[in-house]
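Given next are the chains, with one letter for each unit.
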Amino acid sequence: MAGRPKQGIDYAGWSVDIFDGDKKIDKLLDAKGWKGFGIYFFLCQRAYKTNGYYYEWGYDDCATTARKMGGGINSGTVKETVDYCLQVDLFDKRLFDEWGVLTSRGIQRRFWAVLSERRSKTVYQEYWLLKSEECKGLVKVSLKSDVQPTNSNVQSANDDMSPIKKSKVNNIYNIKQFSPELEQPFQTYLLVRKHNFGELIPEQENALREELQKIADNDAERLAIVKKATVSGWKSFYKTTTKKTDAPRKKSKSPVKNLNNFKRRDYDMDSLENQLLNN
(Lines give C-alpha, C1' and ligand atoms only; values in the text may rest on other atoms or scores of the structure.)
Protein backbone atom coordinates (compact mmCIF):
# COMPACT_ATOMS: atom_id res chain seq x y z
CA MET A 1 0.00 0.00 0.00
CA ALA A 2 1.27 3.48 -0.77
CA GLY A 3 2.67 5.60 2.03
CA ARG A 4 0.96 8.69 3.33
CA PRO A 5 0.95 11.36 0.63
CA LYS A 6 2.54 14.70 1.31
CA GLN A 7 -0.19 17.17 2.24
CA GLY A 8 1.80 20.05 3.61
CA ILE A 9 3.60 22.98 2.08
CA ASP A 10 7.30 23.83 2.05
CA TYR A 11 6.96 27.54 2.75
CA ALA A 12 4.50 29.78 4.60
CA GLY A 13 4.73 33.56 4.46
CA TRP A 14 4.23 35.63 7.62
CA SER A 15 3.34 39.30 7.46
CA VAL A 16 6.13 41.71 8.41
CA ASP A 17 3.49 43.67 10.37
CA ILE A 18 2.66 40.76 12.67
CA PHE A 19 4.05 42.65 15.69
CA ASP A 20 2.63 46.01 14.66
CA GLY A 21 -1.03 45.57 13.80
CA ASP A 22 -2.22 42.17 15.06
CA LYS A 23 -4.12 42.62 18.33
CA LYS A 24 -4.33 38.87 18.91
CA ILE A 25 -0.55 38.58 18.81
CA ASP A 26 -0.28 41.59 21.14
CA LYS A 27 -2.57 39.83 23.62
CA LEU A 28 -0.59 36.60 23.38
CA LEU A 29 2.73 38.37 23.99
CA ASP A 30 1.26 40.31 26.91
CA ALA A 31 -0.21 37.20 28.54
CA LYS A 32 2.35 34.50 27.72
CA GLY A 33 5.48 36.33 26.60
CA TRP A 34 7.93 35.17 23.97
CA LYS A 35 7.67 31.57 25.11
CA GLY A 36 3.95 31.69 24.37
CA PHE A 37 4.53 33.17 20.94
CA GLY A 38 7.19 30.52 20.27
CA ILE A 39 4.70 27.74 21.11
CA TYR A 40 2.06 29.29 18.85
CA PHE A 41 4.57 29.72 16.00
CA PHE A 42 5.83 26.14 16.44
CA LEU A 43 2.31 24.66 16.23
CA CYS A 44 1.48 26.77 13.16
CA GLN A 45 4.61 25.52 11.43
CA ARG A 46 3.68 21.92 12.29
CA ALA A 47 0.31 22.51 10.63
CA TYR A 48 1.93 23.85 7.45
CA LYS A 49 4.41 20.97 7.34
CA THR A 50 2.04 18.05 8.02
CA ASN A 51 -1.36 18.80 6.51
CA GLY A 52 -0.96 22.31 5.19
CA TYR A 53 -3.85 23.98 6.97
CA TYR A 54 -4.50 22.03 10.19
CA TYR A 55 -2.58 20.12 12.84
CA GLU A 56 -4.02 17.09 14.62
CA TRP A 57 -3.21 17.84 18.25
CA GLY A 58 -4.57 17.15 21.73
CA TYR A 59 -3.63 17.90 25.33
CA ASP A 60 -1.90 14.51 25.49
CA ASP A 61 0.66 16.00 23.08
CA CYS A 62 1.72 18.79 25.45
CA ALA A 63 4.75 16.90 26.78
CA THR A 64 5.85 15.87 23.27
CA THR A 65 5.57 19.46 22.03
CA ALA A 66 7.57 20.73 25.01
CA ARG A 67 10.30 18.12 24.45
CA LYS A 68 10.61 18.99 20.76
CA MET A 69 10.83 22.71 21.46
CA GLY A 70 13.23 22.53 24.40
CA GLY A 71 14.50 25.85 25.74
CA GLY A 72 13.03 25.31 29.21
CA ILE A 73 9.45 24.99 27.94
CA ASN A 74 7.35 22.47 29.88
CA SER A 75 4.04 20.74 29.17
CA GLY A 76 2.13 23.07 31.52
CA THR A 77 3.29 26.12 29.57
CA VAL A 78 2.24 24.47 26.30
CA LYS A 79 -1.26 23.70 27.62
CA GLU A 80 -1.75 27.20 29.03
CA THR A 81 -0.59 28.78 25.76
CA VAL A 82 -2.87 26.65 23.57
CA ASP A 83 -5.82 27.40 25.87
CA TYR A 84 -5.11 31.12 25.55
CA CYS A 85 -4.74 30.89 21.74
CA LEU A 86 -8.14 29.20 21.61
CA GLN A 87 -9.56 31.92 23.86
CA VAL A 88 -8.38 34.84 21.68
CA ASP A 89 -9.18 32.99 18.42
CA LEU A 90 -5.60 32.46 17.24
CA PHE A 91 -6.81 28.85 16.91
CA ASP A 92 -10.44 28.00 16.14
CA LYS A 93 -12.01 26.63 19.34
CA ARG A 94 -15.00 24.95 17.68
CA LEU A 95 -12.84 22.85 15.37
CA PHE A 96 -10.48 21.97 18.22
CA ASP A 97 -13.36 20.83 20.44
CA GLU A 98 -15.17 18.91 17.68
CA TRP A 99 -12.30 17.45 15.66
CA GLY A 100 -9.12 17.81 17.71
CA VAL A 101 -7.32 19.98 15.16
CA LEU A 102 -5.53 23.31 15.45
CA THR A 103 -6.27 25.73 12.62
CA SER A 104 -7.46 29.27 11.98
CA ARG A 105 -8.49 31.58 9.17
CA GLY A 106 -5.00 33.08 9.16
CA ILE A 107 -3.36 29.67 8.79
CA GLN A 108 -5.72 28.78 5.98
CA ARG A 109 -5.14 32.06 4.13
CA ARG A 110 -1.39 31.42 4.09
CA PHE A 111 -2.01 27.84 2.98
CA TRP A 112 -4.38 28.94 0.21
CA ALA A 113 -1.76 31.34 -1.15
CA VAL A 114 0.29 28.23 -1.96
CA LEU A 115 -2.54 25.83 -2.79
CA SER A 116 -4.08 28.23 -5.32
CA GLU A 117 -1.05 27.66 -7.57
CA ARG A 118 -1.50 23.89 -7.55
CA ARG A 119 -3.54 21.87 -9.99
CA SER A 120 -5.25 19.89 -7.23
CA LYS A 121 -7.06 22.15 -4.73
CA THR A 122 -8.76 19.78 -2.28
CA VAL A 123 -9.49 20.23 1.44
CA TYR A 124 -11.78 18.74 4.08
CA GLN A 125 -14.93 20.81 4.26
CA GLU A 126 -15.36 20.11 8.01
CA TYR A 127 -12.03 21.84 8.72
CA TRP A 128 -12.27 24.69 6.22
CA LEU A 129 -13.06 28.19 7.54
CA LEU A 130 -12.65 30.50 4.53
CA LYS A 131 -15.63 31.57 2.45
CA SER A 132 -16.07 30.41 -1.14
CA GLU A 133 -15.32 33.88 -2.56
CA GLU A 134 -11.94 33.81 -0.80
CA CYS A 135 -10.81 30.59 -2.48
CA LYS A 136 -12.35 30.16 -5.91
CA GLY A 137 -11.62 26.82 -7.53
CA LEU A 138 -11.33 24.96 -4.23
CA VAL A 139 -12.76 21.44 -4.02
CA LYS A 140 -14.12 20.48 -0.58
CA VAL A 141 -14.58 16.82 0.29
CA SER A 142 -16.18 15.45 3.41
CA LEU A 143 -14.70 13.34 6.17
CA LYS A 144 -18.09 11.68 6.42
CA SER A 145 -19.02 9.17 3.74
CA ASP A 146 -22.66 10.30 3.66
CA VAL A 147 -21.93 13.99 2.91
CA GLN A 148 -21.47 15.23 -0.63
CA PRO A 149 -18.42 17.36 -1.52
CA THR A 150 -18.88 20.98 -2.51
CA ASN A 151 -17.00 22.81 -5.22
CA SER A 152 -17.33 26.48 -6.01
CA ASN A 153 -16.68 25.74 -9.70
CA VAL A 154 -19.30 23.04 -10.18
CA GLN A 155 -22.13 24.23 -7.95
CA SER A 156 -25.63 24.40 -9.34
CA ALA A 157 -27.65 27.59 -9.61
CA ASN A 158 -29.03 27.31 -6.06
CA ASP A 159 -25.47 26.78 -4.70
CA ASP A 160 -26.26 23.20 -3.69
CA MET A 161 -24.98 20.06 -5.33
CA SER A 162 -27.53 17.47 -6.29
CA PRO A 163 -26.88 14.02 -4.81
CA ILE A 164 -25.39 11.35 -7.04
CA LYS A 165 -28.18 9.07 -8.15
CA LYS A 166 -27.82 5.32 -8.15
CA SER A 167 -29.41 5.16 -11.57
CA LYS A 168 -26.42 7.09 -12.94
CA VAL A 169 -24.09 4.47 -11.54
CA ASN A 170 -26.06 1.41 -12.56
CA ASN A 171 -26.23 2.31 -16.23
CA ILE A 172 -26.28 0.22 -19.37
CA TYR A 173 -22.69 -0.87 -18.73
CA ASN A 174 -23.88 -2.66 -15.58
CA ILE A 175 -21.33 -1.12 -13.24
CA LYS A 176 -21.16 -3.09 -10.02
CA GLN A 177 -21.39 -0.92 -6.91
CA PHE A 178 -19.35 -1.29 -3.73
CA SER A 179 -20.80 -1.51 -0.27
CA PRO A 180 -22.61 1.69 0.83
CA GLU A 181 -19.71 2.58 3.15
CA LEU A 182 -17.27 2.49 0.22
CA GLU A 183 -19.48 3.52 -2.71
CA GLN A 184 -20.12 7.09 -1.55
CA PRO A 185 -16.42 7.94 -0.94
CA PHE A 186 -15.63 6.34 -4.30
CA GLN A 187 -18.19 8.61 -5.99
CA THR A 188 -16.55 11.58 -4.25
CA TYR A 189 -13.18 10.47 -5.63
CA LEU A 190 -14.70 10.24 -9.15
CA LEU A 191 -16.07 13.76 -8.83
CA VAL A 192 -12.68 15.18 -7.82
CA ARG A 193 -10.92 13.18 -10.54
CA LYS A 194 -13.31 14.48 -13.21
CA HIS A 195 -12.73 18.04 -11.99
CA ASN A 196 -8.94 17.64 -12.24
CA PHE A 197 -8.57 15.41 -15.31
CA GLY A 198 -11.84 15.47 -17.27
CA GLU A 199 -14.77 13.13 -17.82
CA LEU A 200 -14.53 9.37 -17.44
CA ILE A 201 -16.09 6.87 -19.77
CA PRO A 202 -17.85 3.88 -18.13
CA GLU A 203 -15.04 1.52 -19.13
CA GLN A 204 -12.53 3.70 -17.24
CA GLU A 205 -14.75 3.76 -14.17
CA ASN A 206 -15.05 -0.02 -14.28
CA ALA A 207 -11.26 -0.28 -14.54
CA LEU A 208 -10.83 1.91 -11.44
CA ARG A 209 -13.30 -0.26 -9.53
CA GLU A 210 -11.44 -3.40 -10.51
CA GLU A 211 -8.11 -1.82 -9.55
CA LEU A 212 -9.44 -0.82 -6.13
CA GLN A 213 -10.70 -4.35 -5.54
CA LYS A 214 -7.29 -5.82 -6.33
CA ILE A 215 -5.00 -3.52 -4.36
CA ALA A 216 -6.62 -4.13 -0.95
CA ASP A 217 -8.05 -7.12 0.90
CA ASN A 218 -10.97 -5.42 2.65
CA ASP A 219 -13.20 -2.35 2.48
CA ALA A 220 -11.45 -0.63 5.40
CA GLU A 221 -8.18 -0.55 3.46
CA ARG A 222 -9.97 0.42 0.24
CA LEU A 223 -11.69 3.29 2.04
CA ALA A 224 -8.35 4.62 3.30
CA ILE A 225 -6.88 4.40 -0.21
CA VAL A 226 -9.84 6.22 -1.76
CA LYS A 227 -9.71 9.03 0.79
CA LYS A 228 -5.98 9.56 0.25
CA ALA A 229 -6.45 9.67 -3.51
CA THR A 230 -9.38 12.08 -3.16
CA VAL A 231 -7.69 14.59 -0.86
CA SER A 232 -4.47 14.44 -2.90
CA GLY A 233 -6.30 14.86 -6.22
CA TRP A 234 -4.61 11.84 -7.77
CA LYS A 235 -5.54 10.45 -11.16
CA SER A 236 -5.20 6.91 -9.85
CA PHE A 237 -5.05 5.40 -6.38
CA TYR A 238 -1.32 5.95 -6.12
CA LYS A 239 0.85 9.00 -6.66
CA THR A 240 2.33 8.72 -10.09
CA THR A 241 5.76 10.02 -10.96
CA THR A 242 6.79 11.15 -14.39
CA LYS A 243 9.44 8.89 -15.77
CA LYS A 244 12.20 10.37 -17.82
CA THR A 245 12.17 8.98 -21.29
CA ASP A 246 15.38 7.64 -22.63
CA ALA A 247 17.11 9.96 -25.04
CA PRO A 248 16.80 8.78 -28.61
CA ARG A 249 19.74 6.78 -29.68
CA LYS A 250 21.95 8.35 -32.27
CA LYS A 251 22.05 6.55 -35.53
CA SER A 252 25.29 4.75 -35.99
CA LYS A 253 27.42 6.15 -38.74
CA SER A 254 27.51 4.00 -41.81
CA PRO A 255 30.94 2.60 -42.60
CA VAL A 256 33.00 4.60 -45.07
CA LYS A 257 32.51 3.20 -48.47
CA ASN A 258 35.26 2.78 -51.03
CA LEU A 259 34.61 5.54 -53.49
CA ASN A 260 35.91 3.61 -56.48
CA ASN A 261 35.66 0.12 -57.76
CA PHE A 262 39.41 -0.47 -57.97
CA LYS A 263 41.06 -2.92 -55.65
CA ARG A 264 43.85 -1.60 -53.54
CA ARG A 265 47.30 -2.94 -54.59
CA ASP A 266 49.66 -4.47 -52.10
CA TYR A 267 53.19 -3.22 -52.74
CA ASP A 268 56.36 -5.11 -51.89
CA MET A 269 58.30 -2.28 -50.23
CA ASP A 270 61.76 -3.92 -50.65
CA SER A 271 61.19 -4.49 -54.35
CA LEU A 272 60.02 -0.92 -54.81
CA GLU A 273 63.11 0.48 -53.05
CA ASN A 274 65.46 -1.56 -55.24
CA GLN A 275 63.80 -0.32 -58.40
CA LEU A 276 64.26 3.29 -57.33
CA LEU A 277 67.98 2.81 -56.55
CA ASN A 278 68.66 1.19 -59.89
CA ASN A 279 67.03 4.06 -61.70
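Quick note: structure is the one above.
I will try to describe carefully the structure that is included in this document. As the structure is a computational prediction, the values presented were derived from the model and not from experiment. (Residues numbered from 1 in each chain as written. Predicted model: local features only at pLDDT ≥ 70, side-chain atom pairs only at ≥ 80, totals over all residues. Heavy atoms only, no water.)

Section: the overall build of the protein
Part 1: In terms of regular secondary structure, the protein is built from 10 helices and five strands.
Part 2: Expressed as a percentage of its 279 residues, the buried residues of the protein come to 36%.
Part 3: In the protein, the proportion of contacts linking residues at least 24 apart, taken out of those at least 6 apart, comes to 58%.
Part 4: Roughly 18400 Å² of accessible area belongs to the protein as shown, and the carbon and sulfur atoms make up 49% of that amount. (Helix = DSSP H or I, 4+ residues; strand = E, 2+ residues; numbered from the N terminus. Buried < 20%, exposed > 50% of the residue type's maximum accessible area, 1.4 Å probe, protein only. Contact = heavy atoms within 4.5 Å. Areas by Shrake-Rupley, 256 points an atom, 1.4 Å probe, with all protein chains shown as cover.)

Section: unusual backbone geometry
Part 1: If you check the backbone angles, D89 has positive phi at about 75 degrees while not being a glycine.
Part 2: Looking at where D89 falls in the secondary structure, it is placed in the loop between α3 (75–87) and α4 (93–99).
Part 3: The partly exposed category is assigned to D89, whose relative accessible area is 42%.

Some thoughts on the packing of helix α8 (residues 202–215) against helix α9 (residues 219–232)
Describing two packed helices takes the angle between their axes plus the distance from one axis to the other.
Part 1: Interhelical geometry of α8 versus α9 gives an angle of 125 degrees and a closest axis separation of 9 Å. Considering their axes alone, α8 and α9 lie oblique with respect to each other. In terms of crossing hand, the pair formed by α8 and α9 is right-handed. Residue-level contacts link L212, Q213 and I215 of α8 to R222, I225 and V226 of α9.
Part 2: A breakdown of the residues in the contact of α8 with α9 according to their chemical character gives four nonpolar, one polar and one charged. (Axes fitted to C-alpha atoms, helices over the stretch in contact; angles between N-to-C directions. Parallel < 35°, antiparallel > 145°, perpendicular 65-115°, else oblique. Left-handed = near helix turned anticlockwise from the far one by under 90°. Nonpolar A, V, L, I, M, F, W, Y, C, P; charged D, E, K, R; others polar.)

Observations regarding the packing of aromatic side chains
Part 1: A complete count under the given rule lists 22 aromatic pairs for this structure.
Part 2: Consider the rings of F19 and W34, whose centres lie 5.5 Å apart with planes at 65 degrees: the pair is edge-to-face. Linking F19 in the segment before α1 (23–50) with W34 in helix α1, this pair joins segments that are 15 residues apart in sequence.
Part 3: W34 sits in the exposed class, given a relative accessible area of 59%.
Part 4: The interplanar angle of 75 degrees and the centroid separation of 5.3 Å between the aromatic rings of Y53 and W128 together place this pair among those described as edge-to-face. A residue pair is termed long-range when its members are at least 10 positions apart, and Y53 in the loop between α1 and β1 (55–56) and W128 in the loop between β3 (122–124) and β4 (139–141) qualify at 75 residues.
Part 5: Residue classification places W128 among the buried positions, given a relative accessible area of 8%.
Part 6: Taken together, the ring pairs connect W14, F19, W34, F37, Y40, F41, Y48 and F91 into an aromatic cluster.
Part 7: Note that R110 overlies the ring of W14, its terminal NZ or CZ placed 4.1 Å from the centroid. (Phe/Tyr/Trp six-rings, centres within 6.5 Å; stacked < 30°, edge-to-face > 60°. Lys NZ or Arg CZ within 6 Å of the ring centre and 35° of its normal.)

Let's talk about a negative patch on the surface
Part 1: On the surface, D17, D20, D26 and D30 cluster together into a negatively charged patch.
Part 2: Along the chain, D20 falls in the segment before α1. (Patch = residues over 30% accessible without salt bridge, like charges linked within 9 Å, V, L, I, M, F, W, Y side chains within 5 Å. Salt bridge = Lys/Arg side-chain N within 4 Å of Asp/Glu carboxyl O. Lys, Arg positive; Asp, Glu negative; His and termini not counted. Charge placed at Lys NZ, Arg CZ, Asp CG, Glu CD.)

Side note on α1
Part 1: Between the first and last C-alpha of α1 there are merely 27 Å, a value that for 28 residues lags more than 12% behind the 40 Å anticipated at 1.5 Å per step.
Part 2: Along its length, α1 shows its largest kink, about 120 degrees, at K32.
Part 3: Along α1, the positions that sit buried rather than exposed are I25, L28, G36, F37, I39, Y40, F42, L43, C44, R46, A47 and Y48.
Part 4: Between the side-chain oxygen of the N-cap and the backbone nitrogen of K24 there are 3.0 Å, and the N-cap of α1 in question is D22.
Part 5: Backbone geometry just downstream of α1 places G52 in the positive-phi region, at approximately 95 degrees. (Expected span 1.5 Å × (residues − 1). Bend = angle between axes of the 7 residues up to and from the residue. Polar contact = N/O pair within 3.5 Å; in protein donor to acceptor, adjacent residues only side chain to side chain.)

Focus on the environment of F178
Part 1: Mapping F178 onto the fold places it in the loop between α6 (166–169) and α7 (180–197).
Part 2: When its relative accessible area of 11% is taken as the criterion, F178 is described as buried.
Part 3: Counting along the chain gives 35 residues from F178 to Q213, while the straight-line C-alpha distance between them is 9.3 Å.
Part 4: Setting aside anything within four residues of it in sequence, one finds F178 in contact with E183, F186, R209, L212 and Q213.

Notes on the nonpolar core
Part 1: Counting 48 residues, the largest nonpolar core has Y40, L43, W57 and F91 as the members making the most contacts within it.
Part 2: If you list the elements that add at least two residues to this core, you get α1, α2 (62–69), α3, α4, β2 (101–102), α5 (105–115), β3 and β4.
Part 3: The element best represented in this core is α1, accounting for 10 residues.
Part 4: If near-sequence neighbours (up to four positions away) are discounted, Y40 is found in contact with W14, I25, L28, C85, L90 and F91.
Part 5: Of all hydrophobic cores here, the second largest spans 14 residues; its members include F186, L212, A216 and F237. (Core = buried A, V, L, I, M, F, W, Y, C linked by side-chain atoms within 4.5 Å.)

Some thoughts on the environment of K235
Part 1: Its place among the elements puts K235 in the loop between α9 and α10 (269–278).
Part 2: In this structure, the C-alpha to C-alpha distance between K235 and Y189, residues 46 residues apart in sequence, is 9.4 Å.
Part 3: Those residues in contact with K235, other than ones at most four positions away along the chain, are Y189, R193 and F197.

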